[in-house]
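# Commentary on secondary and tertiary structure
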Amino acid sequence: MRIGTWNLAGRWSDDHRNLLLEADCDVWLLTEVSERTSLPGFATHLSDARMAPRRRWAAVASRLPMASSPDPHPASAAAQIGATTYVSSVLPWRAARSGPVWVGERHADRTQNAVDDLLLRLRASPSLVWGGDWNHALTGKEYAGSKVGRDAIASALDELGLVVPTTDLPHAIEGLLSIDHVAVPAGLAATARRVVAECDGKRLSDHDAYVVDVQEA
């Protein structure tokens with residue numbers, strides 16, 4: 001099974017489509033998804049909530065049979081593929097404002113509340129893959145989120161029995177680590193790599209894509 005994640009930054013073009021298809025993933029956990037996004041051979045479930053006009057917070061795209069599930073948080077999308085629930089989430093970045101989606105005065109509070117809301121729903125999944133743009137590195141320097149937010153994510157991953165093969169992969173910004181992640185059940189053999197989001201020297205997004213290969217038990 002190959003699972004990818006990519007923040008599309010609300011953009012869509014033939015070059016975006018080609019990058020996704022060339023990565024040859026079975027499932028994509030997409031974030032900041034243009035409503036024009038269409039991937040041949042894939043069913044796509046978009047989150048109900050919009051983060052901006054014609055842009056959804058998240059989506060799950062699968063070339064395997066899937067059933068859409070209720071969004072576990074306004075900035076997340078979920079789908080059932082076989083016995084596994086796949087969830088794509090945006091978590092608060094440092095400058096994200098409080099409001100209907102992000103609740104709390106401080107960034108740490110907004111992240112903790114979002115993670116707690118997700119846990120209420122994700123705990124019920126016997127088999128889970130969770131990913132997306134978490135706006136936090138999981139180790140090293142923290143520049144997009146907060147250390148308290150990172151701790152909240154780490155605690156949730158531990159409770160859910162998930163590990164994150166993307167933890168040590170580089171960000172598009174040199175010297176930083178990825179804030180886009182794919183978490184899979186502990187005990188599965190998994191390898192991860194970065195896919196540079198460029199075409200002919202032009203950036204397709206300010207985020208790179210990340211791909212995880214999982215050897216299913």
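Above this note sits the structure.
We now turn to the structure provided with this report. Small disclaimer: the values here were computed from a predicted structure and weren't measured.

## Brief notes about the packing of helix α2 (residues 107-122) against helix α3 (residues 147-160)
- Orientation of α2 relative to α3, taken along the N-to-C sense of each, is 15 degrees, at an axis distance of 8 Å. Considering their axes alone, α2 and α3 lie roughly parallel with respect to each other. Handedness of the α2/α3 crossing: right-handed. Of the residues in α3, those in contact with Ala-108, Thr-111, Gln-112, Val-115, Leu-119 and Leu-122 of α2 are Val-148, Gly-149, Ala-152, Ile-153, Ala-156, Glu-159 and Leu-160.
- A class-by-class count of the residues in the contact of α2 with α3 yields 9 nonpolar, 3 polar and 1 charged.

## Details of unusual backbone geometry
- In this structure, Asp-24 is a non-glycine residue whose phi angle is positive, near 60 degrees.
- Tracing the chain through its elements places Asp-24 in the loop between α1 (14-23) and β2 (27-34).
- What makes Asp-24 partly exposed here is its relative accessible area of 37%.
- Although it is not a glycine, Asn-135 adopts a positive phi angle of roughly 55 degrees.

## Focus: the packing of aromatic side chains
- Following the criterion strictly, the structure yields 4 aromatic pairs and no others.
- Measuring from ring centre to ring centre gives 5.5 Å for Trp-57 and Trp-102, while their planes differ by 85 degrees; the resulting arrangement is edge-to-face. Of the two residues, Trp-57 is situated in strand β5 (residues 55-62) and Trp-102 in the loop between β8 (84-90) and α2; the sequence distance between them amounts to 45 residues.
- For Trp-102, a relative accessible area of 4% puts it in the buried group.
- Members of the aromatic cluster, connected to one another through ring pairs, are Trp-57, Trp-93 and Trp-102.

## Remarks on the environment of Val-163
- Within the element layout of this structure, Val-163 appears in strand β10 (residues 162-163).
- Once the C-alpha coordinates of Val-163 and Trp-28 are considered, the two residues, 135 residues apart in sequence, prove to be 18 Å apart.
- In this structure Val-163 touches Val-182, Ala-183, Val-184, Pro-185 and Ala-186, once residues within four positions along its chain are discounted.

## Remarks on α1
- Inspection of α1 places His-16, Leu-19, Leu-20 and Ala-23 among the buried residues, and these make up the whole buried set. Relative to the axis of α1, the buried residues are bounded by an arc of 95 degrees and lie together on one face. Structural note: α1 exposes Asp-14 and Glu-22 on the side pointing more than 90 degrees away from its buried face.
- With a side-chain oxygen positioned 3.2 Å from the backbone nitrogen of Asp-15, the residue opening α1 is Ser-13.

## A word on the nonpolar core
- Formed by 38 residues in total, the largest nonpolar core has its most connected members in Ile-3, Tyr-86, Leu-91, Trp-130, Trp-134 and Leu-157.
- The greatest single-element share of this core, amounting to 5 residues, is contributed by α2.
- Apart from the residues within four sequence positions on either side, Trp-134 is in contact with Ser-89, Leu-91, Pro-92, Ile-153, Leu-157, Val-164, Ile-179, His-181 and Ala-183.
- One finds Trp-12, Val-33, Leu-39 and Phe-42 within the second-largest nonpolar core, a separate group that totals 19 residues.

Cut-offs applied
Residues numbered from 1 in each chain as written. Predicted model: local features only at pLDDT ≥ 70, side-chain atom pairs only at ≥ 80, totals over all residues. Heavy atoms only, no water. Axes fitted to C-alpha atoms, helices over the stretch in contact; angles between N-to-C directions. Helix = DSSP H or I, 4+ residues; strand = E, 2+ residues; numbered from the N terminus. Parallel < 35°, antiparallel > 145°, perpendicular 65-115°, else oblique. Left-handed = near helix turned anticlockwise from the far one by under 90°. Contact = heavy atoms within 4.5 Å. Nonpolar A, V, L, I, M, F, W, Y, C, P; charged D, E, K, R; others polar. Buried < 20%, exposed > 50% of the residue type's maximum accessible area, 1.4 Å probe, protein only. Phe/Tyr/Trp six-rings, centres within 6.5 Å; stacked < 30°, edge-to-face > 60°. Arc of directions from axis to C-beta. Polar contact = N/O pair within 3.5 Å; in protein donor to acceptor, adjacent residues only side chain to side chain. Core = buried A, V, L, I, M, F, W, Y, C linked by side-chain atoms within 4.5 Å.

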